[in-house]
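Single-letter residue listing:
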Amino acid sequence: MRRLTEHSGHVGGPPGAMRFVGRVREKDVLVDAALRPSSGVFVEGEAGVGKSRLVREAAEELERRGRRVVTGFCHPLREPLPYGPVVDALRSVQHWLPGGSLPEETAVLARLLQDRPDTGAALPARGSPQERTALLRDMRRLLEAAGPVVLIVEDAHWIDDATRDLLVLLARDPVDRLCLLVTYRPEEPPSGAAGGIAYRPPPGSGRVLLRLEPLDESAVRELAASALGEAATPQLVAALFRRSGGLPLVAEEDLLTLRDHQAVDGHGHVARLRGAEVPRGLQEAVTERLAALTEPASAAVAAAAVLAVPVAEDLLCQVAGLDAEQGFTGLVESLRASVLSEVENGRYAFRHVLARQVAYERLPGPVRRRLHANAVRVLDRLPQPPLVQIAHHVSALGDAEEWLRRVTHAVERAQALGDVGTAAALMRQMLERPDTDAETRSWAALRLAPLAGQGADFDSDARALRDLLADRRLPVRTRGEIRAGLGLLLLNQSSDRAGFDELARAVEELGGTTLEAVPAMLGLAMDEAAGPEPAERWMARAEDAVRDMAETPLGADVRASRLSLRAGAGDPSVWAELSGLPREGAGLGVLRQSARALYNAGSNAIDLGEDALAARLVEEGMELARETGFPAVEFYGVISRLRLDLAAGRWSGLGERFEAFALAHPDAPAARGEAAAVLGTLDLAHGRYGRASGRFEQAALVARQVTMSLASRAAAGTITASLARGRSDEAWEATTAALASLRRAETWPRATGLVPAAVTAALAAGKLRAAEELAGEAAAGIDGRRSPAAVAELCAARGLLAEEREPDRAAALFEEAHRRWRDIGRPYPAGQAAELWARVLARRGEKRTATAALDAAAGLYRDLDAVGDLARLRRVGRETGLTRKSAPGRRGYGDRLSPREAEVAALLAGGAANQEIADALVLSPRTVEHHVANVLRKLNTTRAEVGSAGIGDMNP
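Described in the following lines is the structure provided in the data block. (Residues numbered from 1 in each chain as written. Predicted model: local features only at pLDDT ≥ 70, side-chain atom pairs only at ≥ 80, totals over all residues. Heavy atoms only, no water.)

## Digging into the overall build of the chain
Move 1: Secondary structure summary: the chain contains 45 helices and eight strands in total.
Move 2: For the chain, the accessible area works out to roughly 39,300 Å², and carbon and sulfur atoms hold 50% of it. (Helix = DSSP H or I, 4+ residues; strand = E, 2+ residues; numbered from the N terminus. Areas by Shrake-Rupley, 256 points an atom, 1.4 Å probe, with all protein chains shown as cover.)

Right, dumping it as structure tokens:
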């Protein structure tokens, strides 16, 4: 996808080319930004303002400084090639690599870099985020191997959707020593963002937006002097500036014309320019130069204006109706006159798109039509006809029926090549034309909707689907299918409950009980927050619609959804039924649904506390997903693996791994939400309560009452963090909101930490009756269900209620909770239960047993490096008399840390702030400041560097 670049000051060809003027500051800014470790630079400006000249000058400077520069061009008439501009640019990168070959394990990119991609190859499609990630991974490997690279994408106002998505991902997860440089016209970007790219730079990277304005009069004076020398009088410069409005392109065209005329003096130039307004300046300059061409040159220029893209000499001659000799003569003359230029090796076009537009509009109607007809005939005879260009020429001839036929073929070829960006652009053209019939309109809309709903930029995708829905010329059922896609997009990409409203409308538009409505029904059945009764009604409707279709992909989809709901409800009979799902021998669609059902059941099993079963089901689902090409299950399977690591206490590097996974998938809300919940849990364990609150708030925003499991975990974490900071009123407020959602959803078997946290908050707020009622509701909610985690949590909650009035019963309940968590294989809640058990035993005077329980809790916390919990446990030991208090009077520790200072040092090492240390140790902030100063002095370090060295024994 190549096109002629814009010029500002450089006319390309004739001696004495004009000087680069008026952009020195902008060039310095661009070069400085491009030399940063990773950066994104966006250059915007109207047509003719000099974007490409600026970029070219900066590129030359960057190459002198050791940067390698590659360029890809966007074009309104591009033939199918997946991710064309980027692939176009990256072809030259191969030559810089050792041996001139691609790095290993870049198979996806290697297929795209072939001159003629195999149409049978599985090229990456915009509809698959995981495959886009694979392509991005290959690009990163290539660019990292090539060293410092500047990737330029010109004219991004013509960018296709697939390429835009790829650049969004590359910009959000930049390659070290890569500068992404994009030029575009602000009046034409497809989504209103920079070049159509919703670029949100990551921390530490640079982002520069350069808005080019027209040149001032002094710059025009310098430009005129470079072209005309002494003939550039003040009167001429003033006239030139008025005509051009400071646009370099217009001024250059005038100067070229004046230089060609070789006027005797500047007064002649002024007279030639006098009287024309700026919009007419370019037209007059181009027209005057065209009028001076001979007939062969005029014919070649007319053909180039009609073809609109860079073409080879023989093709240009055939369309122009010139023989080889005439074509050669005419092409050379047009090049010498600076009307056309060589933009690629052996390909020719106008120097600028505006000049081409002037030449095209100057052609009489019959001439234009004949040339378009010639183009269709000539292009049709090529070994690989450029279908997009042919469709354009057919459209110019006014043949609507033939245009639809041609563009349909172009869409099919683009999809076969994996170039969904071109396919989407062509389908939009079909929908925009008023003469497209209803059947074709539906065909295009239904194929465009999935592409529009699965890109890398959620806002643009949602807007595209809403634009389709606004087209009242589409049949109601077609709008229903599109609306279903929008509803699922809102739910999957932003956890927006408005998606459920769209799905409900889609069901009605699709006829209520039709097969096309089943996916929307299944989406509505997954609305846990609405409660089990609405979910059951939607599930039953979907099952009625696919009755006797169990072995079809749609029937398997319904079965997988039913099994998922039963697993989430803790149905003890569902696990045996999962073994009967087809694993082989069935169709691909059926096997993919088996993979989905296995993964969903495994994910729910984590919430239920069936960790061993969960690990087996998740791995089985991921393996089947790999075999059947279902990357979504693989993606979510990674999240479940990380959650299982948290549950099992495999905490070493867990936060970093989860953060890296979330950064690698910036458009996946599940990754962001789950990462926030896990990081919040780790923050709690390290005594970073303020940071933990922020993490859980992020997780709650992602959940938004769509994902009840995540919502419950986020609420439990928020309540715990508030209680740790002594904010009982805040904790009770969070509890009230969370319980309202839980009671409506009735997801008691998967409440995941919420019940004991809520009971604790109720007791802290003095609401004993509310705490007792909650425990009763939880018991009823899990009755007859299989949920080991919920049973362990109910034991802890009941123990909290019995602690004051029935200490013997409370001790037994805490001991049982501890045992159940150990049996499940979760050390952190096991340690918390042991801590509660030790506390109540100590109050009963059972010092030996209490000390053993305290030691068990300390051992579990120590293995997890849960320094915040260890600090609290030490306080419990002192308060209950299980550990010896310091003797009265000041004890001298010299340069060694005191026990209290060791606690402070451990919390500092975990990243806790002073107030968080004060909350954890129940000290005043002023006392904490004193201890922190002593710790830093004794360890001879700074707060940022403090670690475990010299902290001492943390046994309580």
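## Section: the pattern of salt bridges
Move 1: Scanning the model with the defined rule gives 53 salt bridges in all.
Move 2: Asp32 is the salt-bridge partner of Arg36, the closest N and O atoms lying 3.5 Å from each other.
Move 3: Sharing partners across several salt bridges, the network here consists of Glu528, Asp607, Arg643, Glu674, Arg713 and Arg750. (Salt bridge = Lys/Arg side-chain N within 4 Å of Asp/Glu carboxyl O.)

## Thoughts on the pairing of strand β4 (residues 178-184)
Move 1: In terms of burial, β4 is a largely internal element, seven of the seven residues being buried.
Move 2: The two faces of β4 match: Leu178, Leu180, Val182 and Tyr184 on one face and Cys179, Leu181 and Thr183 on the other face are all buried.
Move 3: When strand β1 (residues 38-44) meets β4, the two strands line up parallel, connected through seven bridges. The residue bridging Ser39 from the neighbouring strand is Cys179, located in β4.
Move 4: Relative to β4, strand β3 (residues 149-154) runs parallel, the two being bridged by five bridges. Looking at β4, one finds that Val153 is bridged to Val182. (Buried < 20%, exposed > 50% of the residue type's maximum accessible area, 1.4 Å probe, protein only. Pairing = 2+ DSSP bridges.)

## So, the sheet that holds strand β6 (residues 311-312)
Move 1: Overall, antiparallel pairing links the three strands, which are arranged β6-β8-β7 in an open sheet. Of all the strands in the sheet, the pair left with one neighbour each is β6 and β7 (340-344).
Move 2: The pairing of β6 with strand β8 (residues 347-350) spans two bridges and is classified as antiparallel. By the bridge assignment, Ala312 is partnered in β8 with Arg347.
Move 3: Contacts from helix α12 (residues 295-307) reach β6, β7 and β8, with the element oriented near 85° to β8. (Contact = heavy atoms within 4.5 Å. Axes fitted to C-alpha atoms, helices over the stretch in contact; angles between N-to-C directions.)

## A short note on the side chain of Ser722
Move 1: Inspection of the secondary structure assignment puts Ser722 in helix α34 (residues 708-724).
Move 2: For Ser722, a relative accessible area of 1% translates into the label buried.
Move 3: Look past the residues within four positions of Ser722 in its chain and what remains in contact with it is Arg727, Glu730 and Ala731.

## What to know about unusual backbone geometry
Move 1: In this structure, Ala308 takes a positive phi of about 70° despite not being glycine.
Move 2: For Ala308, the position within the fold is in the loop between α12 and β6.
Move 3: Not every positive phi belongs to a glycine, and Asp548 is a case in point at roughly 70°.

## What to know about the packing of aromatic side chains
Move 1: Within this structure, the stated rule accounts for five aromatic pairs.
Move 2: Here the aromatic cluster, defined as three or more aromatic residues joined through ring pairs, consists of Tyr599, Phe635, Tyr636 and Phe661.
Move 3: A cation over an aromatic ring shows up here: Arg356 above the ring of Tyr360, its NZ or CZ 5.5 Å from the ring centre.
Move 4: Arg368 extends its terminal NZ or CZ atom over the ring of Tyr360, reaching a point 5.4 Å from the ring centre. (Phe/Tyr/Trp six-rings, centres within 6.5 Å; stacked < 30°, edge-to-face > 60°. Lys NZ or Arg CZ within 6 Å of the ring centre and 35° of its normal.)

## Topic: helix α26 (residues 553-568)
Move 1: For α26, spanning 16 residues, the distance from its first C-alpha to its last is 22 Å, which sits close to the expected 22 Å at 1.5 Å a residue.
Move 2: The buried fraction of α26 is high, at 12 of 16 residues.
Move 3: Turning to α26, its buried residues number three or more, namely Gly555, Ala556, Asp557, Val558, Ala560, Ser561, Arg562, Leu563, Ser564, Arg566, Ala567 and Gly568.
Move 4: Looking at the packing, one finds that the buried side of α26 touches α24 (518-525), α25 (532-545), α27 (574-578) and α28 (588-608).
Move 5: Downstream of α26 by a residue or two, Gly570 has a phi angle that is positive, lying close to 75°. (Expected span 1.5 Å × (residues − 1).)

## A short note on the environment of Glu61
Move 1: For Glu61, the location among the structural elements is in helix α2 (residues 51-64).
Move 2: In sequence terms Glu61 and Val31 are 30 residues apart; their C-alpha atoms lie 7.4 Å from each other.
Move 3: Ignoring anything within four residues of it in the chain, the contact list for Glu61 reads Lys27 and Val31.
Move 4: Engagement of the side chain of Glu61 in a polar contact is seen with the side chain of Arg64, the distance being 2.6 Å. (Polar contact = N/O pair within 3.5 Å; in protein donor to acceptor, adjacent residues only side chain to side chain.)

## Structural notes on the packing of helix α40 (residues 827-843) against helix α42 (residues 867-880)
Move 1: Look at α40 against α42: their axes get within 10 Å of each other, and the N-to-C directions meet at 10°. When the axis of α40 is compared with that of α42, the two are roughly parallel. Along its contact with α40, which presents Tyr828, Glu835, Arg839 and Ala842, the element α42 presents Asp869, Arg872, Leu873, Val876 and Thr880. (Parallel < 35°, antiparallel > 145°, perpendicular 65-115°, else oblique.)

## Examining the side chain of Asn604
Move 1: Among the structural elements, Asn604 can be located in helix α28.
Move 2: Exposure remark for Asn604: the relative accessible area of 11% places this residue in the buried category.
Move 3: The contacts of Asn604, once residues within four sequence positions are left out, are Ser564, Ala567, Gly568 and Arg750.

## Digging into the environment of Ala320
Move 1: With respect to the secondary-structure elements, Ala320 resides in helix α13 (residues 313-320).
Move 2: Exposure remark for Ala320: the relative accessible area of 17% places this residue in the buried category.
Move 3: C-alpha separation for the pair Ala320 and Arg370, spaced 50 residues apart in sequence, amounts to 9.6 Å.
Move 4: In contact with Ala320, not counting residues within four places along its chain, are Ala299, Ala300, Ala303 and Leu371.

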